[in-house]
Structures are given as C-alpha cells and as structure tokens.
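Structural features, examined
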Number of protein chains: 2
Amino acid sequence: MDKKNQNDEALIQQKKFIDYLTNNDLKLTKARSEVFEIVAKMDNHFGAEDILQSSKNSVSRATLYRTLNELVESQVIRKTAFGDKHQHFEFVLEKKPHHHAFCLNCKTNIEFPDFGEEEIYNKILEKMGFEIYGHEMHFYGLCKNCTKEKI
Amino acid sequence: MDKKNQNDEALIQQKKFIDYLTNNDLKLTKARSEVFEIVAKMDNHFGAEDILQSSKNSVSRATLYRTLNELVESQVIRKTAFGDKHQHFEFVLEKKPHHHAFCLNCKTNIEFPDFGEEEIYNKILEKMGFEIYGHEMHFYGLCKNCTKEKI
DNA sequence: CTGGTTGCAAACGATTTGCACCCGC
DNA sequence: GCGGGTGCAAATCGTTTGCAACCAG
C-alpha cells in the first residue's frame with residue numbers, strides 16, 4: 001500500500017468517526033481528536049495503556065476509555081482478544097492483515113502477515129518450527145440482521 | 001467421534017493433568033479433582049463462572065481460579081480469545097473444532113463447525129447473510145524453542 | 001447559553017494473594 | 001508430621017461511573 005492509499009484510509013476512518021459523532025449528537029472535542037490522532041498512528045493492535053503512554057497523560061483515563069468505546073461503536077476499531085487479561089484493539093479495516101500463532105508454553109504471540117490461503121500457513125509455521133495444535137478463525141463483520149439495518 | 005474415543009480423550013486429558021501435578025509436586029486433592037471433573041464435562045468453551053455454577057460452590061473462587069490456571073499450565077485447556085471482558089477457556093484438544101463469526105454491530109458471536117478449508121467459510125457465511133469485513137486466525141501450539149524443550 | 005464533555009475519585013467486576021488453618025502423601 | 005492446599009477476606013488490576021466544573025456549537 002503506498003503513501004496515498006494510506007492517507008485515503010486514514011481519511012475514511014476519520015469520516016466514519018466524525019459521522020458517528022454527528023449522528024449521535026456528540027461533539028468533536030479536543031480530547032476526542034487527540035485520542036483519534038494517536039490511535040490512527042498505531043500499528044496493528046494496541047491497548048489502552050499504549051495510547052495513554054503516547055498521549056503523555058494529556059487525556060484522562062476516563063476519557064480515553066470512553067473515546068475508545070466510541071471508536072468501537074463507530075466501527076473504526078474493534079476489540080480483539082488475546083489470551084491475556086486486558087483488552088486489545090485492532091482496526092476494522094486492517095492496516096496489515098495478519099494472523100497469530102500463540103505458544104501455549106512460553107506465551108509468545110507470533111504475528112505473521114495474511115497470504116489469503118489457509119494451507120500456506122501450515123507450511124509457514126512448520127518451517128518456523130511451530131508445532132500446531134489447532135487454530136481458530138475469528139471472522140468479523142455484520143450479521144444478516146445488521147446488514148439489513150445498515151440502510 | 002464415538003463414545004469410546006470421547007472416553008479416550010478424557011483419559012488423555014486426565015493423564016496430562018495428573019502428570020503435570022506430579023511433575024510439580026502438587027497433590028491431587030478433592031478440590032482439584034472436582035474442578036477437573038466439571039471442566040471435563042463442559043462443551044466447547046466456558047468461563048470461571050460456569051464452573052462455579054456447576055460446582056454449586058463446593059469449591060471456593062480462589063481455588064477455582066488457581067486450578068484453572070493449573071489446567072492451562074498443564075495444557076489441558078487454553079485461554080481463548082473473545083471481544084468481551086472475562087476470560088474464556090477452550091480445550092487444547094478441541095472437542096468440536098469450530099470457528100467464530102462476530103457481528104460488530106449487535107455483538108453476536110456465531111459459532112460454526114470446522115470444515116478444514118478456508119474458502120468454504122466465506123461461502124457459508126455469505127449464505128447466512130453475514131457480511132465479512134475480515135478475519136483473523138489464531139493458531140496455538142508450541143513454538144520452535146518450546147518444541148525442543150518438550151524432550 | 002446549554003447540553004454534552006471532562007477529570008477526579010470512588011465504584012466495579014473479575015481475578016489474585018496473604019494468611020491461618022487443613023489435609024494428602 | 002510436613003509441606004503443600006484451602007477458604008476467607010482483603011488487595012489488585014483494568015475499566016466504568018457519578019458528579020461538579022467546563023467548553024463546543
């Protein structure tokens with residue numbers, strides 16, 4: 001993806017967020033802009049703490065969490081899940097589509113790019129010496145009812 | 001999978017757990033047996049609260065959580081990944097391999113069986129009227145180093 | 001102006017831990 | 001009997017919420 005496309009992406013995300021705010025009578029405040037800016041700069045996934053770090057506490061925890069939930073509602077980001085405790089987020093429109101290989105023993109989470117085909121992963125992981133016990137796929141999108149509602 | 005195989009599975013799980021206990025100088029106590037029994041009866045996935053319900057509080061929360069962690073360490077179960085707050089667990093050797101389709105809008109988590117091929121899911125979900133935005137695969141197993149260590 | 005927004009601090013829910021007593025081995 | 005196991009209650013962690021002051025439209 002070249003610079004231009006990345007920029008387009010960012011604008012789409014921004015539009016989604018602003019539309020959401022408008023549709024829900026929410027204001028585009030300094031705090032919300034700040035959180036959005038920081039989030040937009042993040043890579044694949046991040047947690048609340050990452051944002052807080054980058055913001056150098058210019059936004060309070062309370063507001064940060066509130067804004068993150070708004071970003072989820074506006075479908076700019078989504079909650080993702082790992083084996084650990086705190087929430088992680090990823091972009092609904094992934095910057096770098098990728099998957100995960102989690103070691104049950106040392107708890108490492110290996111991230112690797114998407115190649116579009118399932119079989120290839122087995123080979124890749126095998127080549128990496130990763131012994132696969134199993135895998136699960138998490139699809140996300142809109143279910144039948146919600147697709148209809150979308151207008 | 002027939003009755004006999006299911007029983008074999010259960011025994012394998014049990015052996016794994018007992019081996020783990022032995023190797024770590026842990027005792028096979030009443031509480032641990034009880035938790036193991038209940039967990040073994042669970043379907044695909046479950047949370048701490050599910051176990052507590054089934055046990056009718058014969059095991060304390062503290063012990064339950066301690067035992068669940070032991071079951072994770074012994075690789076009988078693993079922490080799984082959902083978008084919500086509390087931990088879920090699944091079996092390392094899945095009883096019914098399956099995947100998930102999560103609706104970003106209504107937060108429904110649709111569970112569907114594993115068919116071994118990736119392309120087929122797109123068709124299935126499409127037929128269900130589910131509009132896929134993306135997906136992530138979570139592989140789990142042992143990484144190179146840990147495979148070696150396994151002896 | 002005015003209603004949504006913020007930060008603070010307190011509340012929360014799930015999970016973890018310190019401790020004194022209990023029980024497998 | 002000893003060393004780990006248990007329940008209890010208190011502590012912790014990430015996240016959420018009530019409230020009074022604050023600011024965007």
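Some words on the protein's contact with DNA strand C
Around DNA strand C, 22 residues are found, and the nearest of them are Thr29, Arg32, Ser60 and Thr63 of chain A together with Tyr65 of chain B. Counted by atom, the contact set of DNA strand C within 4 Å of the protein is 66% sugar and phosphate. The side chain of threonine 29 of chain A places a nitrogen or oxygen atom 2.5 Å from a phosphate oxygen of DNA strand C. Arginine 66 of chain A has a polar side-chain atom sitting 2.9 Å from a base nitrogen of DNA strand C.

With respect to the side chain of threonine 67 of chain B
The residue threonine 67 of chain B is located in helix 4 (residues 61–73) in this model. A relative accessible area of 2% places threonine 67 of chain B in the buried class.

Observations regarding the protein's contact with DNA strand D
In the region of DNA strand D, 21 residues are neighbours, and Tyr65 of chain A together with Thr29, Arg32, Ser60 and Thr63 of chain B sit closest. One nitrogen or oxygen atom from the side chain of lysine 27 of chain A is found 3.4 Å from a base nitrogen belonging to DNA strand D. With respect to DNA strand D, the side chain of threonine 29 of chain B contributes an N or O atom lying 2.5 Å from a phosphate oxygen. Among the elements that line the surface near DNA strand D, the one with the most residues is helix 4 (residues 61–73) of chain A, at 5 residues. Across the surface near DNA strand D, the residue classes break down as 7 nonpolar, 7 polar and 7 charged.

Quick word on the sheet that holds strand 2 (residues 77–80) of chain A
Residues and elements named next belong to chain A. Taking strand neighbours across the sheet as the criterion, the 3 strands line up as 1-3-2 in an open arrangement whose pairing is antiparallel. In the strand order of this sheet, the two ends are held by strand 1 (45–46) and strand 2, each with one partner. In the packing of helix 4 onto the sheet, contacts are made with strand 1, strand 2 and strand 3 (88–91), and the angle to strand 2 comes to roughly 105°.

Focus: the environment of alanine 10 of chain B
Residues and elements named next belong to chain B. With respect to the secondary-structure elements, alanine 10 resides in helix 1 (residues 3–23). Residue class for alanine 10 comes out partly exposed when judged on its relative accessible area of 35%. Sequence separation between alanine 10 and aspartate 50 is 40 residues, and the spatial gap between their C-alpha atoms is 19 Å.

Observations concerning the domain arrangement of chain A
How big an interface is tends to be expressed through the accessible area that disappears when the partners come together. All names here are of chain A. What the domain assignment lists for chain A is domain 1 (3–91) and domain 2 (98–150). With 7 residues of domain 1 in contact, the opposing surface of domain 2 contributes 6 residues. Buried area between domain 1 and domain 2, summed over both chains or domains, comes out near 530 Å², and the portion from carbon and sulfur atoms is 48%. For the pair domain 1 and domain 2, the interface holds 0 salt bridges. Inspection of the domain 1/domain 2 interface yields 0 residue pairs in polar contact (both at pLDDT 80 or more). In terms of residue class, the side of domain 1 that touches domain 2 is built from 2 nonpolar, 3 polar and 2 charged.

Remarks on the packing of aromatic side chains
For the coordinates displayed, the defined rule picks out 5 aromatic pairs over all chains. Between phenylalanine 17 of chain B and phenylalanine 36 of chain B the ring centres are 5.5 Å apart and the planes differ by 5°, which places this aromatic pair in the stacked class. Taken together, the residues span a long stretch of sequence, with phenylalanine 17 of chain B in helix 1 and phenylalanine 36 of chain B in helix 2 (residues 30–41) at a distance of 19 residues. The residues phenylalanine 17 of chain B and phenylalanine 36 of chain B share a single accessibility class, namely buried. The structure contains a cluster of three or more aromatic residues connected by ring pairs, namely Phe46, Phe89 and Phe91 of chain A.

Rules behind the numbers
Residues numbered from 1 in each chain as written. Chains lettered and ligands numbered in written order. Predicted model: local features only at pLDDT ≥ 70, side-chain atom pairs only at ≥ 80, totals over all residues. Heavy atoms only, no water. Near = heavy atom within 4 Å. Polar contact = N/O pair within 3.5 Å; in protein donor to acceptor, adjacent residues only side chain to side chain. Helix = DSSP H or I, 4+ residues; strand = E, 2+ residues; numbered from the N terminus. Buried < 20%, exposed > 50% of the residue type's maximum accessible area, 1.4 Å probe, protein only. Nonpolar A, V, L, I, M, F, W, Y, C, P; charged D, E, K, R; others polar. Pairing = 2+ DSSP bridges. Contact = heavy atoms within 4.5 Å. Axes fitted to C-alpha atoms, helices over the stretch in contact; angles between N-to-C directions. Domains from an automatic or database assignment. Buried area = accessible area lost by both parts, 1.4 Å probe. Salt bridge = Lys/Arg side-chain N within 4 Å of Asp/Glu carboxyl O. Phe/Tyr/Trp six-rings, centres within 6.5 Å; stacked < 30°, edge-to-face > 60°.

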